[in-house]
Amino acid sequence: MPLALLALAVGAFGIGTTEFVMMGLLPDVADDLHISIPSAGHLVSAYALGVVIGAPLLAAVTARMSRRTVLISLMGLFVAGNALSALAPDNGWLLAARFVSGLPHGAFFGVGAVVATNMVAPERKARSVSLMFLGLTVANVAGVPVATLMGQHLGWRVTFLGVSVIGLAAIAALAFLIPHDHEHVTARGLRGELAALRSVPVWLSLGTTVAGFGALFAAYSYITPMLTEAAGYAGASVTLLLALFGVGATAGNLLGGRLADHSLRGTLFGGLTSLVAVLALFPLLMRTEFTAAVAVILLGTAAFATGSPLQLMVMEKASSAPSLASSANQAAFNLANAGGAWIGGLALAAGFGVTSPALAGAALAVLGLGVASLAYAVDRRAVPAGGHHRIVASHVPREAEAVRH
């Protein structure tokens with residue numbers, strides 16, 4: 001694997017840290033800005049809104065730019081957003097800064113996935129994407145806990161300044177490690193990128209992402225009350241258990257990337273089936289502390305085993321112009337975050353019990369399997385007898401040659 005993937009992983013680490021650290025800092029931010037906790041919660045929504053809007057928009061308007069330049073520019077916007085967050089004088093300015101911080105998120109992962117797959121041989125494409133996502137999963141293990149402790153002891157503004165420093169390190173890594181490419185070499189422009197979104201298979205792939213990761217967030221959004229009220233953990237133990245989720249997510253991400261290079265659809269169906277099983281067993285697993293800890297690890301493993309296959313699936317269906325579709329998949333991840341949390345909340349509000357969001361998540365995972373099966377059926381009808389699909393069908397671009405030499 002080319003060393004350039006490290007630069008993408010560093011950027012992913014910074015993005016993952018800033019995305020999730022706000023959850024742990026909400027009380028500190030609310031107290032400092034003299035707002036309520038629910039009002040502070042809008043800062044999480046502002047970031048997610050930035051991701052959903054920024055992912056397709058920035059990928060589209062930068063379609064004819066050098067991808068190396070795009071990645072560095074996106075990380076520059078990321079640094080600016082986090083620096084503005086640290087300097088925000090009030091809640092309104094912080095909301096705007098969090099929105100700006102979210103804008104480059106989806107486009108970075110989308111364009112980064114295209115760059116990563118173009119730097120390796122066809123049989124290593126899924127692993128290259130999983131190594132980029134490794135920064136995101138490791139952020140849940142190390143970045144978020146450390147950043148949260150920093151914010152609690154030194155002030156939440158210091159946390160965002162620290163994240164800005166990570167962004168600057170990512171810019172340096174991108175500048176030194178990502179090979180130079182050229183305009184128009186691997187991009188088809190705005191019209192070509194938009195054409196990818198007229199494809200039914202692309203939308204079915206995006207739908208699988210929304211349902212599959214919606215299943216994860218339906219349960220994960222309410223994991224704290226499950227662990228404390230059902231499993232009997234003390235509140236102070238939750239941070240460690242969330243780190244275990246990150247360990248499971250990291251393992252699942254690496255496993256999914258390796259398996260997907262052998263069987264993309266097999267890994268996707270296996271991951272979604274495993275997710276259904278884990279979520280369906282949550283009410284039983286949450287009865288003891290030990291089994292609850294195992295459940296948290298398994299949830300991360302099963303969910304993130306589907307991450308690389310889903311990203312590659314979208315890129316396969318939009319192989320002639322993958323950047324916009326790949327970035328749109330990141331927007332789909334964040335729609336899954338919001339939608340899954342909402343559906344899990346409906347189950348709780350209906351009085352079905354503290355573990356009911358996991359069962360709602362299992363239903364969403366079944367829906368994801370259904371959408372993935374429909375996508376498979378559409379593919380079977382589209383491919384003539386004896387034909388086959390090629391994952392991200394593309395010529396070997398110049399950046400791949402630059403890495404090899």
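Residues numbered from 1 in each chain as written. Predicted model: local features only at pLDDT ≥ 70, side-chain atom pairs only at ≥ 80, totals over all residues. Heavy atoms only, no water.

Remarks on the overall build of the protein
For the protein, the helix and strand inventory stands at 16 helices and 0 strands. The buried share of the protein, reckoned over its 405 residues, is 56%. Total accessible area on the protein is roughly 16000 Å²; 69% of this is exposed by carbon and sulfur atoms. (Helix = DSSP H or I, 4+ residues; strand = E, 2+ residues; numbered from the N terminus. Buried < 20%, exposed > 50% of the residue type's maximum accessible area, 1.4 Å probe, protein only. Areas by Shrake-Rupley, 256 points an atom, 1.4 Å probe, with all protein chains shown as cover.)

Examining helix H11 (residues 264–285)
For the α-helix, the turn length of 3.6 residues means that residues three or four positions removed from each other point alike. Taking 1.5 Å of rise per residue, 22 residues should cover 32 Å, and H11 covers 30 Å from first to last C-alpha, within 8% of that figure. Among the residues making up H11, those that are buried are Leu264, Arg265, Thr267, Leu268, Gly271, Leu272, Leu275, Val276, Val278, Leu279, Phe282 and Leu285. A distance of 3.1 Å separates the backbone nitrogen of Gly266 from a side-chain oxygen at the start of H11, and that oxygen is part of Ser263. (Expected span 1.5 Å × (residues − 1). Polar contact = N/O pair within 3.5 Å; in protein donor to acceptor, adjacent residues only side chain to side chain.)

What about the packing of aromatic side chains?
Ring pairs (aromatic) are described by centroid distance and by the angle formed between their planes. Enumeration according to the criterion identifies 8 aromatic pairs in this entry. Each ring, one from Phe108 and one from Phe109, has its centre 6.1 Å from the other, and the planes form 85 degrees; the classification is edge-to-face. Accessibility assignment for this pair places Phe108 and Phe109 in one class, buried. Aromatic side chains Phe213 and Phe333 sit 4.6 Å apart centroid to centroid with 85 degrees between the ring planes, which places their arrangement in the edge-to-face category. Of this pair, Phe213 sits in helix H8 (residues 200–220) while Phe333 is found in helix H14 (residues 322–349), placing the two residues 120 residues apart along the sequence. One exposure class covers both Phe213 and Phe333, and it is buried. (Phe/Tyr/Trp six-rings, centres within 6.5 Å; stacked < 30°, edge-to-face > 60°.)

Structural notes on the pattern of salt bridges
Under the definition given, this model contains 3 salt bridges. A salt bridge links Arg157 to Asp32, with the nearest nitrogen and oxygen atoms 3.7 Å apart. With Arg157 in helix H6 (residues 156–177) and Asp32 in helix H1 (residues 4–33), this pair connects stretches of sequence that are 125 residues apart. We note a salt bridge from Arg127 to Asp261, for which the minimum N-O separation is 3.0 Å. Of this pair, Arg127 sits in helix H5 (residues 125–154) while Asp261 is found in the loop between helix H10 (238–260) and H11, placing the two residues 134 residues apart along the sequence. By relative accessible area, which is 16% here, Arg127 ends up buried. (Salt bridge = Lys/Arg side-chain N within 4 Å of Asp/Glu carboxyl O.)

Describing the side chain of Ser205
Counting through the fold element by element, Ser205 comes out in helix H8. Taking relative accessible area as the criterion, Ser205 reaches 4% and is therefore assigned buried.

Let's talk about a nonpolar patch on the surface
A grouping of Leu49, Ile53, Leu57 and Val61 is seen on the molecular surface, where their side chains present a nonpolar patch of about 350 Å² in accessible area. In this structure, Leu57 sits in helix H2 (residues 37–61). Assessed through its relative accessible area of 45%, Leu57 is described here as partly exposed. (Patch = residues over 30% accessible without salt bridge, like charges linked within 9 Å, V, L, I, M, F, W, Y side chains within 5 Å.)

Considerations on helix H4 (residues 91–118)
The end-to-end C-alpha distance of H4, which contains 28 residues, comes to 42 Å, matching closely the 40 Å that a straight helix rising 1.5 Å per residue would cover. In terms of burial, H4 is largely enclosed, as 22 of its 28 residues are buried. The N-cap residue of H4 is Asp90: its side-chain oxygen and the backbone nitrogen of Gly92 are 3.1 Å apart.

What to know about the nonpolar core
Of all hydrophobic cores here, the largest spans 85 residues; its most connected members are Leu8, Leu216, Phe282 and Met286. In contact with Leu8, not counting residues within four places along its chain, are Leu71, Phe108, Gly112, Ala116, Met119, Met132, Leu174 and Ile178. Judged by nonpolar contacts, the second largest core, of 15 residues, contains Leu25, Ala30, Leu33 and Ala147. (Core = buried A, V, L, I, M, F, W, Y, C linked by side-chain atoms within 4.5 Å. Contact = heavy atoms within 4.5 Å.)

As for the confidence of the model for the protein
Keep in mind that low pLDDT regions are not for reading the predicted coordinates in detail. On average, residues of the protein score 83 in pLDDT, and 88% of them are at 70 or above. Least confident of the elements in the protein is helix H16 (residues 398–404), whose mean pLDDT is 43; most confident is H11, at 94. Counted against residues more than four places away or in other chains, residues 182–187, with its pLDDT under 50, gives 13 contacts. Ignoring residues within four places in sequence, the model shows residues 385–405, a span with pLDDT below 50, making 38 contacts including any to other chains. (pLDDT = per-residue confidence, 0-100.)

Points about unusual backbone geometry
With a phi angle near 60 degrees, His34 is a residue other than glycine that sits in the positive phi range. Tracing the sequence through the fold places His34 in the loop between H1 and H2.

Some words on the environment of Val52
With respect to the secondary-structure elements, Val52 resides in helix H2. If near-sequence neighbours (up to four positions away) are discounted, Val52 is found in contact with Ala331, Asn334 and Leu335.

Quick look at the packing of H4 against helix H13 (residues 307–317)
Viewed as axis vectors pointing N to C, H4 and H13 meet at an angle of 80 degrees, and their least axial separation amounts to 11 Å. One way to sum up the angle between H4 and H13 is to call them roughly perpendicular. Residue-level inspection shows Gly110, Ala113, Val114 and Thr117 of H4 in contact with H13, the latter providing Gln311, Leu312 and Met315. Here the contact of H4 with H13 is built from residues that sort into 4 nonpolar, 3 polar and no charged. (Axes fitted to C-alpha atoms, helices over the stretch in contact; angles between N-to-C directions. Parallel < 35°, antiparallel > 145°, perpendicular 65-115°, else oblique. Nonpolar A, V, L, I, M, F, W, Y, C, P; charged D, E, K, R; others polar.)

Quick look at the environment of Gly340
Tracing the backbone shows Gly340 in helix H14. When its relative accessible area of 2% is taken as the criterion, Gly340 is described as buried. Remark: the alpha-carbon pair of Gly340 and Pro357, spanning 17 residues in sequence, is separated by 8.9 Å. Leaving out residues up to four positions away in the same chain, Gly340 has contacts with Gly214, Phe217, Ala218, Leu335 and Leu364.

Here we look at the environment of Ala292
Looking at the element boundaries, Ala292 is found in helix H12 (residues 289–304). Sequence-wise, Ala292 and Tyr233 are 59 residues apart; in three dimensions their C-alpha atoms are separated by 9.3 Å.

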